[in-house]
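Here are the chains, one letter per residue:
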Amino acid sequence: MLKKLLIYSLILFLIGILGYNFKADPYTAKAVKNGFLNDYRVYALPIPDSLYLVNERVPVEQKDVKERIDRELLVNTYWQSNGLLLLKRKNKFFPVIKPILKRYNVPEDFAYLAVAESGLQNVTSPAGAKGFWQIMKTTAREYGLEVNKEVDERYNLEKATEAACKYLLKAKNKYGSWTLAAASYNAGMNKITKELDKQKVNNYYDLLLTDETSRYVPRIIALKHILEHPKDFGFVFSDADLYTPYEYYEVVVDSSVTDWADFAQKMNITYKELKLLNPWLRSNQLTNKQKKTYYIKIKK
């Protein structure tokens, strides 16, 4: 009884603070009358018969595949706060990612691989993978990214996207399948090749893999489906709610910088603004002994 009274009091308090007219809402009125929200429902989600990653059909008629897709749809729909954040970040970062994918002839669907990898954030995995595309240090250097104490281009969205494209094109050329290329981004080409040979199959959906890689491609597919049809999944928002990119111009730096804070002041921006637009600058200075050319984004 005490628990119900506390919940009832909290609801009344929130209604008073928000000025909500619950009399006009029969659902809320009933919930308040009962003292708690006992009409809350969680709905099963329909699985489309026709799902694709790029132009490769997802065999949802296979029970295990359907269950894996179902799991990712449920997890990513009912984690509502994360779903809204992904929608907001998508509006900010897809305009950067998609043109690069197009330039490299990598299908736009692979923008959702970055969503699955990092949630479109510059995060670090327990294994040390970094950035939107979660690239390991050795892989980064293999695909032409600079990684050291002062510069880490895994945090440079444009350059990291280019490196991811190079990897995916190599994997697609190896397997002849974008789905297997996506799986190899998670497990590595050596692992996928070994399992294909061992299990004597030739496609991702017939492979028995670790739980992580088994979930990986369905997660990409589910995220694509949800984020391309968000209002079908109950997400309510307006364009004004979405994040937008910074407006900036670029300056060329081809020498050392002794203090990025001093540099920022000369550009009439803050150190924070400099680092937000150039997260790949990992130190407060740039030695640049080789006199490389860097393009620094400056907020307008």
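Look above for the structure.
This is a predicted model, so every value here is computed, not measured.

Mapped onto the secondary structure, E61 falls in the loop between β2 (56-57) and α3 (63-78). Relative accessible area serves as the criterion here: at 54%, E61 is assigned to the exposed category. A C-alpha to C-alpha distance of 7.9 Å links E61 and D49, two positions twelve residues apart in sequence. Separated by 3.0 Å, the side chains of E61 and R57 make a polar contact.

Turning our attention to the nonpolar core. Of all hydrophobic cores here, the largest spans 66 residues; its most connected members are I97, L113, W133, Y185 and V217. Looking at this core, the elements that each hand over two or more residues are α3, α4 (80-103), α5 (111-118), α7 (157-175), α8 (178-187), α9 (189-199) and α10 (211-228). Ranked by residue count, the leading element in this core is α7, at nine residues. Setting aside residues no more than four positions away along its own chain, Y185 makes contact with L113, E117, W133, I135, A164, Y167, L168 and Y216.

On to the pattern of salt bridges. Side chains carrying opposite charge are able to pair once their charged atoms draw close together. Counted by the stated rule, this structure contains 15 salt bridges. Where E153 meets K159, a salt bridge forms, and the shortest distance between an N and an O atom there is 3.0 Å. Relative accessible area serves as the criterion here: at 4%, E153 is assigned to the buried category. Bridged by salt links that share partners, the residues E72, R215 and R219 form one connected network.

Turning our eyes to something else, we now look at the side chain of H225. Its location among the elements puts H225 in helix α10. Residue class for H225 comes out buried when judged on its relative accessible area of 17%. Contacts of H225, omitting those with residues within four sequence positions, involve P48, L51, L73 and F233.

Under the definition given, this model contains nine aromatic pairs. Ring geometry for Y143 against Y167: centres 6.1 Å apart, planes inclined by 65°, an arrangement best described as edge-to-face. Taken together, the residues Y143 in the loop between α6 (137-142) and α7 and Y167 in helix α7 connect sequence positions 24 residues apart. Taking relative accessible area as the criterion, Y143 reaches 12% and is therefore assigned buried. Centroid distance Y204 to Y205: 5.1 Å. Interplanar angle 80°. Geometry classified as edge-to-face. Pair check on accessibility: Y204 and Y205 agree, each one buried. In this structure an aromatic cluster arises from ring pairing among W133, Y143, Y167 and Y185. In this structure, K231 is placed above the aromatic ring of F237, and the distance from its NZ or CZ to the ring centre is 5.3 Å. For R282, the ring lying beneath its charged end belongs to Y155, and the centroid distance is 3.8 Å.

Definitions and limits used
Residues numbered from 1 in each chain as written. Predicted model: local features only at pLDDT ≥ 70, side-chain atom pairs only at ≥ 80, totals over all residues. Heavy atoms only, no water. Helix = DSSP H or I, 4+ residues; strand = E, 2+ residues; numbered from the N terminus. Buried < 20%, exposed > 50% of the residue type's maximum accessible area, 1.4 Å probe, protein only. Polar contact = N/O pair within 3.5 Å; in protein donor to acceptor, adjacent residues only side chain to side chain. Core = buried A, V, L, I, M, F, W, Y, C linked by side-chain atoms within 4.5 Å. Contact = heavy atoms within 4.5 Å. Salt bridge = Lys/Arg side-chain N within 4 Å of Asp/Glu carboxyl O. Phe/Tyr/Trp six-rings, centres within 6.5 Å; stacked < 30°, edge-to-face > 60°. Lys NZ or Arg CZ within 6 Å of the ring centre and 35° of its normal.

The values reported here are purely geometric and, on their own, carry no functional implication.
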